[in-house]
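Here are the chains, one letter per residue:
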Amino acid sequence: MILSLQAVQVATGSDDAESQLVFADGYLVAVLVRLSAQHDDDAGKWFLEVGFGPVEPVAPPLFADLPAARAWIMRQLIAAA
């Protein structure tokens, strides 16, 4: 399985616009949003704005960086396979 990310700007209605579309083998599986300074201690972390299929969690996690987000998404996809 190949994960690829594409940088985009998402209109979240807040300062959190820096985002990544996450594709698994060409299919959109998630949208990650980087949290802005308005989130205090969580500023700079990545939030799973939306996940599709096996990446749709009950409680969306926060990730310290993109590698951590990629690893979590990959585990979700592998577990569902």
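The structure contained in this document is the topic of the report that follows. Keep in mind it's a predicted model, so treat the numbers as computed, not measured.

The next subject is the side chain of Ser36. With respect to the secondary-structure elements, Ser36 resides in the loop between β3 (27–34) and β4 (46–51). Taking relative accessible area as the criterion, Ser36 reaches 12% and is therefore assigned buried. Contacts of Ser36, omitting those with residues within four sequence positions, involve Asp15, Asp16 and Ala43.

Quick look at the pairing of strand β2 (residues 18–24) now. In terms of burial, β2 is a largely internal element, 6 of the 7 residues being buried. Pairing geometry for strand β1 (residues 3–9) and β2, over 7 bridges, is antiparallel. Considered in β2, the bridge of Gln6 is made with Leu21. Sheet topology places β2 next to β3; 6 bridges connect them, and they run antiparallel. Bridge assignment links Val22 to a residue of β3, and that residue is Ala30. Taking the residues between adjacent antiparallel strands as the criterion, β2 and β3 are bridged by 2 residues, where Asp25 takes a positive phi near 50°.

Next up on the list: the packing of aromatic side chains. Enumeration over the complete set of coordinates arrives at 1 aromatic pair. Relative to Trp72, the ring of Phe63 lies with its centre 5.6 Å away and its plane at 50°, an arrangement referred to as tilted. Accessibility expressed as a relative area gives 5% for Phe63, which makes it buried.

Strand direction decides the pairing type here: β3 and β4, joined by 5 bridges, are antiparallel. Looking at the pairing, Leu32 lines up with Leu48 of β4.

This paragraph deals with the sheet that holds strand β5 (residues 62–63). Reading across from one edge, β1-β2-β3-β4-β5 is the order of the 5 strands in this open sheet, with antiparallel pairing throughout. Two strands bound the open sheet, and with one partner strand each, they are β1 and β5.

What follows covers the pattern of salt bridges. Applying the stated criterion to the full structure yields 2 salt bridges. Of the charged contacts in the structure, one is a salt bridge between Arg34 and Glu18, with a shortest N-O distance of 3.6 Å. Taken together, the residues span a long stretch of sequence, with Arg34 in strand β3 and Glu18 in strand β2 at a distance of 16 residues. Here Asp42 makes a salt bridge to Lys45, at a shortest N to O gap of 3.0 Å. Under the relative-accessibility criterion, Asp42 is labelled partly exposed at 26%.

What counts, and where the lines are drawn
Residues numbered from 1 in each chain as written. Predicted model: local features only at pLDDT ≥ 70, side-chain atom pairs only at ≥ 80, totals over all residues. Heavy atoms only, no water. Helix = DSSP H or I, 4+ residues; strand = E, 2+ residues; numbered from the N terminus. Buried < 20%, exposed > 50% of the residue type's maximum accessible area, 1.4 Å probe, protein only. Contact = heavy atoms within 4.5 Å. Pairing = 2+ DSSP bridges. Phe/Tyr/Trp six-rings, centres within 6.5 Å; stacked < 30°, edge-to-face > 60°. Salt bridge = Lys/Arg side-chain N within 4 Å of Asp/Glu carboxyl O.

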